Amino acid sequence: MKKVYLLSAILVAASALAQKQSTAWRVDSVLELMTLEEKVGQMNQYNGFWNATGPAPVGGDAATKYQHLRNGWVGSVLNVQGVEEVRAMQRVAVEETRLGIPLIFGCDVIHGYKTLSPVPLAEAASWDLAAIEKSARNAAEEATAYGLNWTFAPMVDISRDPRWGRIMEGAGEDPFLGSRIAEARVHGFQGSALNDPLSMAACAKHFAGYGFSEAGRDYNTVDVSDYTLYNVIYPPFQAAKKAGVATFMNSFNTLNGIPATGNQALASVLKEDWGFEGVLVSDWGSIGEMQAHGYAENLTQATQQAATARCDMDMESLAYVQYLAALVREGEISESIVDDAVRRVLKLKFDLGLMDDPYRYCKRPGSWEPTTSPWSADAQDLAEKSAVLLKNNGILPLTKKQAIALVGPMVQEKNSPLGNWRVSSDDNTALSLYEGMVQVRGEKRMAVASGPVFLKGPISFPFEAEINTTDTAGLHSVVDAARNAEIAILALGEHGFHSGEARSRMSLHLPGVQEHMIREVLKVQEHVVLVLYAGRPMILPEDITEQVDAILLAWQPGTMGGPAIANLLMGKRSPSGRLPVTFPRTEGQIPLYYGAFNTGRPGPSDAVFWSHYGDGPNTPAYPFGYGLTYSTVTYAATQAKQMGDSIAVTALVKNEGKVAVDEVVQLYARDHHSSVGVQPVRRLIGFQRVTLKPGEERMVSFSVTADLLSVTTSEGERLFEPGTFSFWVAPHSAAGTSASLDWK
Ligand code: NOJ
């Protein structure tokens, strides 16, 4: 009997005749064979039984899940690792269920599978869209070889709060940069066609507002204005939608009082206003969490709320599978909602080619050493392009002759540079900075010391990374090495497991005894270079930033971070990364971002009555867009000229130095008046990464259309109002000369 149904459902839908029909016809031909329970099953996603990336589900043990799988009550699984496991589970779905509908296999392939690029925030610092797209493509190529076909990436949440540990997973604070990166990542993961077996379905997450959690505390309340929602939070999601992203994911937070997972207004923005036709999946357990939010009285009501808010798939709440069919039978939920969700899920399965061949992702099993894999060179290239030179008084690049002390907790780290959001990669597979320096520079005249213990215990995905804050044993080895060298290179920062999900921090200072270590080194060594590892903006005390000669922000640079950073330190290449997020001077300034409003009292003034702090400046330590190179690039005055339907904005840039550099030329605009509401003092509306040879001059020009200057109203309309605009072609958000004109 099973086989009969298998034939009738899958083979008919997959037959040569059917393939000539539209996907919609094929979807419907399967849908009409399904019982209500089987339909609900397609809306159910389970964690793959043995590898958890979130809190263990309450109830529903592996045995129950397995039985559900056989009943045809599971549409997708996540975290199943490896072709053998994928094949085994797919076999159950295809051969043991009544209809034989294949599963989709999801996983958080965030910045690589086993070969890891820098963490996403770092990648954003490259401002290199082609390289970012390639990175996502590479991740898809590697992950699909392990049987996977759906990644829960890109995270496109804008965030302006570095206390939020998940800031590392996004593209930073800016909606324009974030939108371009969202598109690049979607194109990379999905390639030109979803049915290419090297492509995987992407997922724009977390819809919506997750990056604005109050006080930077993960999972916390989100309360934002319509302006912020429509002009800051939504744009990267819209960009991902326009780029053809196959799926969206809800967010854990409440948005203006209603949990996103049960938020009908959000659903209607996504599915009606934007016309999204793909799958909307809940976040892990987020349907169930509506009870804790105080929105649902019980899991039945949560099921009803989520289904009514047209959440198409339940990730690990075990809500739909238990209650949805009954709610439909009782008339509490229309079956048309279920049918719509199932059509979306089935369509995705057809688009991925799974209905034609459920094992198509199991056919090129491979395994590669991350440091020598076909994707490692690109990972290194991006790590080089992502690093941001924050300070350099001329000490960098180093020469091979100098005696150096390579010291600090990150020098020999092979794990931390991978970050924490790497479900599938193996521990300690990064090349360390030490290994990189040996490759690029050689070992001679290089003293190495890691210094005091950094962490108090082992690190793991679900638990806090505990820091040593008291024990300075081992500090003397660092100080001695520094004293005896000509230059001390201090590699330090936060551990890869200090940022990421659920890793919010109150203090953004260097954790543990590191500030003490820098000050001790500065007592014995005049020439100090900091190499800063981080997944978020960190705060460096001013006495330190003033005294050190150079600061190179390496982020969590991934598998090939060691040689990448060594190449930059040794001048094989010039740093070229630019900050995708503001670095504050102190936590008290947060949220601090360049695209703020002017206020009615921008000041400064002699009296206190202006918008400021009494105990420190308003300005950041390093502004958005900031980053140095090993050269000096000068910018002539910005010119702006109306040319019919657009404005040409130009500036002459010149490489005044002796080395070739990539310069990220940025275009900012200000709309001086808008009927929608006040507008930011600056808004990024364009950028170009240009390579300039020594002495080379280039006229960089941008064509500004009305759409780039438009504002989105709370009805979702794009509105352009002629009036006065200012433009800056500038090296970062706090620099440049402006040109103003009246758009007629
Ligand atoms: C929870 C995270 O918020 C989400 O981003 C992730 O995709 C899921 N867990 C699945 O691991």
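Residues numbered from 1 in each chain as written. Predicted model: local features only at pLDDT ≥ 70, side-chain atom pairs only at ≥ 80, totals over all residues. Heavy atoms only, no water.

1. Things to note about the overall build of the chain
Then, number 1: Each helix and strand counted, the chain has 21 helices and 26 strands in total.
Then, number 2: A compact globule built from 744 residues should have a C-alpha radius of gyration of about 27 Å, and the chain, at 26 Å, falls within 12% of that.
Then, number 3: Taken over the C-alpha atoms alone, the chain extends approximately 80 × 65 × 50 Å along its principal axes.
Then, number 4: Across the 744 residues in the chain, those meeting the buried criterion constitute 60%. (Helix = DSSP H or I, 4+ residues; strand = E, 2+ residues; numbered from the N terminus. Rg over C-alpha atoms; globule rule 2.2 N^0.38 Å. Buried < 20%, exposed > 50% of the residue type's maximum accessible area, 1.4 Å probe, protein only.)

2. A few points about the layout of surface pockets
Then, number 1: Of the voids in this model, the second largest pocket is the one considered here, and its volume is about 850 Å³.
Then, number 2: Along the wall of the second largest pocket there are 27 residues; nearest its centre are Leu592, Tyr593, Ala596, Asn618 and Val681.
Then, number 3: Across the lining of the second largest pocket, the residue classes break down as 16 nonpolar, 10 polar and 1 charged. (1 Å grid on protein atoms, 1.4 Å probe; cavity = no way out; pocket = protein on both sides within 12 Å on 5 of 7 lines; lining within 4 Å. Points joined across faces, edges and corners; volume = space filled by probe spheres on them. Nonpolar A, V, L, I, M, F, W, Y, C, P; charged D, E, K, R; others polar.)

3. Topic: the state of the cysteines
Then, number 1: All chains considered together, the criterion is met by 0 disulfides.
Then, number 2: No disulfide involves cysteine 362; its sulfur sits 14 Å from that of cysteine 107, the nearest cysteine.
Then, number 3: Take cysteine 362: its relative accessible area is 4%, and that puts it in the buried class. (Disulfide = S-S within 2.5 Å.)

4. Describing the environment of glycine 686
Then, number 1: With respect to the element layout, glycine 686 can be found in strand β21 (residues 683-692).
Then, number 2: Distance in space between the C-alpha atoms of glycine 686 and valine 704 is 8.6 Å, their sequence separation being 18 residues.
Then, number 3: Not counting residues within four places of it along the chain, the set of residues in contact with glycine 686 comprises Phe176, Val665, Gln666, Leu667 and Phe702. (Contact = heavy atoms within 4.5 Å.)

5. Considerations on the site of the ligand
Then, number 1: If you check the shell around the ligand, you find 13 residues, and the closest are Asp108, Arg166, Lys205, His206 and Asp283.
Then, number 2: Separating an oxygen atom of the ligand from a side-chain N or O atom of histidine 206 is a distance of 2.6 Å.
Then, number 3: The separation between an oxygen atom of the ligand and a polar side-chain atom of aspartate 283 is 2.5 Å.
Then, number 4: Burial of the ligand by the protein amounts to 99% of the accessible area it has alone, namely 300 Å². (Near = heavy atom within 4 Å. Polar contact = N/O pair within 3.5 Å; in protein donor to acceptor, adjacent residues only side chain to side chain. Areas by Shrake-Rupley, 256 points an atom, 1.4 Å probe, with all protein chains shown as cover.)

6. Observations regarding the pairing of strand β25 (residues 723-730)
The side chains of a regular strand alternate between both faces of the sheet.
Then, number 1: The buried count for β25 comes to 6 of 8 residues, which makes it a mostly enclosed element.
Then, number 2: The pairing of strand β20 (residues 661-671) with β25 spans 6 bridges and is classified as antiparallel. Bridged to arginine 670 within β25 is serine 726.
Then, number 3: Where β25 and strand β26 (residues 738-743) come together, 6 bridges link them in antiparallel fashion. Its bridge partner lying in β26, phenylalanine 727 is registered against alanine 739. (Pairing = 2+ DSSP bridges.)

7. Remarks on the domain arrangement of the chain
Then, number 1: We note that the domain assignment places domain 1 (375-589) and domain 2 (633-742) within the chain.
Then, number 2: Here domain 1 and domain 2 have C-alpha centroids that lie 34 Å from each other.
Then, number 3: Listed as interface residues are 4 residues of domain 1 and, on the opposing side, 8 residues of domain 2.
Then, number 4: Taking both partners together, domain 1 and domain 2 bury about 470 Å²; carbon and sulfur atoms supply 38% of that area.
Then, number 5: Contact with domain 2 buries surface across domain 1, with Ser574, Ser576 and Arg578 losing the most and accounting together for 85% of the total.
Then, number 6: Here domain 1 is connected to domain 2 by 1 salt bridge.
Then, number 7: Scanning the region where domain 1 abuts domain 2 turns up 4 residue pairs in polar contact (both at pLDDT 80 or more).
Then, number 8: In the side of domain 1 that touches domain 2, the residues fall into no nonpolar, 2 polar and 2 charged. (Domains from an automatic or database assignment. Buried area = accessible area lost by both parts, 1.4 Å probe. Salt bridge = Lys/Arg side-chain N within 4 Å of Asp/Glu carboxyl O.)

8. With respect to unusual backbone geometry
Then, number 1: Omega for the peptide link from isoleucine 590 to proline 591 comes to 0 degrees, which places this bond in the cis form.
Then, number 2: You can see proline 591 is positioned in the loop between α21 (561-569) and β17 (633-635).
Then, number 3: Residue proline 604 is bonded to the preceding glycine 603 through a cis peptide linkage, with omega at 0 degrees.
Then, number 4: One can find proline 604 in the loop between α21 and β17.

9. Considering the side chain of threonine 712
Then, number 1: Topologically, threonine 712 is positioned in strand β23 (residues 711-712).
Then, number 2: A residue is classified by how much of its surface remains accessible, and threonine 712, at 7% relative accessible area, is buried.
Then, number 3: Once residues within four sequence positions are removed from consideration, threonine 712 is found in contact with Tyr230, Asn231, Val676, Glu717 and Arg718.

10. A few points about the nonpolar core
Then, number 1: Judged by nonpolar contacts, the single largest core of 127 residues is most densely connected at Tyr234, Phe248 and Leu490.
Then, number 2: Ranked by residues supplied to this core, first place goes to helix α10 (residues 226-242) with 8 residues.
Then, number 3: Those residues in contact with tyrosine 234 that lie beyond four places of it in its chain are Phe207, Ala208, Leu229, Leu266, Val269 and Trp274. (Core = buried A, V, L, I, M, F, W, Y, C linked by side-chain atoms within 4.5 Å.)

11. A short note on the packing of aromatic side chains
Then, number 1: Summed over the entire model, instances satisfying the criterion amount to 28 aromatic pairs.
Then, number 2: Between the aromatic rings of tryptophan 421 and phenylalanine 461, the centroid separation amounts to 5.3 Å while the plane-to-plane angle is 15 degrees, which identifies the pairing as stacked. Residue tryptophan 421 is found in the loop between β12 (404-407) and α17 (433-441), and its partner phenylalanine 461 is found in the loop between β13 (446-449) and α18 (475-484); the two are separated by 40 residues along the sequence.
Then, number 3: Note on tryptophan 421: relative accessible area 4%, which makes it buried.
Then, number 4: Aromatic side chains phenylalanine 725 and tryptophan 743 sit 6.5 Å apart centroid to centroid with 70 degrees between the ring planes, which places their arrangement in the edge-to-face category. One end of the pair, phenylalanine 725, is in strand β25; the other, tryptophan 743, is in strand β26, with 18 residues separating them in the sequence. (Phe/Tyr/Trp six-rings, centres within 6.5 Å; stacked < 30°, edge-to-face > 60°.)

12. Describing the sheet that holds strand β15 (residues 528-533)
Then, number 1: Taken in spatial order, the 6 strands of this open sheet run β11-β16-β15-β14-β12-β13, and their pairing is mixed. Two strands in the sheet have a free side with no partner beyond their single neighbour: β11 (388-392) and β13. Neighbour-to-neighbour, the strand axes of the sheet open up by a mean angle of 15 degrees, direction not taken into account.
Then, number 2: Direction of pairing for strand β14 (residues 487-493) relative to β15: parallel, over a ladder of 6 bridges. Bridge pairing links leucine 492 to leucine 532 in β15.
Then, number 3: Packing against the sheet, α21 makes contact with β14, β15 and β16 (550-553), and its axis sits at approximately 150 degrees to β15. (Axes fitted to C-alpha atoms, helices over the stretch in contact; angles between N-to-C directions.)

13. A closer look at α10
Then, number 1: The sharpest bend along α10 comes to roughly 60 degrees, located at tyrosine 234, with the proline proline 235 sitting one to four residues further on.
Then, number 2: Summarising burial for α10: 13 of the 17 residues are buried, a large majority.
Then, number 3: Trailing α10 by a residue or two, glycine 244 shows a phi angle of about 90 degrees, which is positive. (Bend = angle between axes of the 7 residues up to and from the residue.)

14. Considerations on the pairing of β13
Then, number 1: Judged from the 4 bridges that link them, β12 and β13 form a sheet pairing that is parallel. Bridge pairing in β13 places isoleucine 404 opposite methionine 446.
Then, number 2: Of the crossover connections in this fold, the one passing from β12 over α17 to the parallel β13 is right-handed. (Right-handed = clockwise from strand over helix to strand, strands pointing away.)

15. Quick word on empty space enclosed by the protein
Then, number 1: Scanning the model with the defined rule gives 5 cavities of 30 Å³ or more in all.
Then, number 2: As a volume, the largest cavity reaches approximately 110 Å³.
Then, number 3: In terms of lining residues, the largest cavity is bounded by 14 residues, among which Gln42, Gly72, Thr97, Leu99 and Ile101 are the most central.
Then, number 4: Breaking the lining of the largest cavity down by element, the ones donating at least two residues are α4 (36-42) and α5 (62-71).
Then, number 5: Residues that form the lining of the largest cavity fall into these classes: 7 nonpolar, 5 polar and 2 charged.
Then, number 6: As a volume, the second largest cavity reaches approximately 70 Å³.

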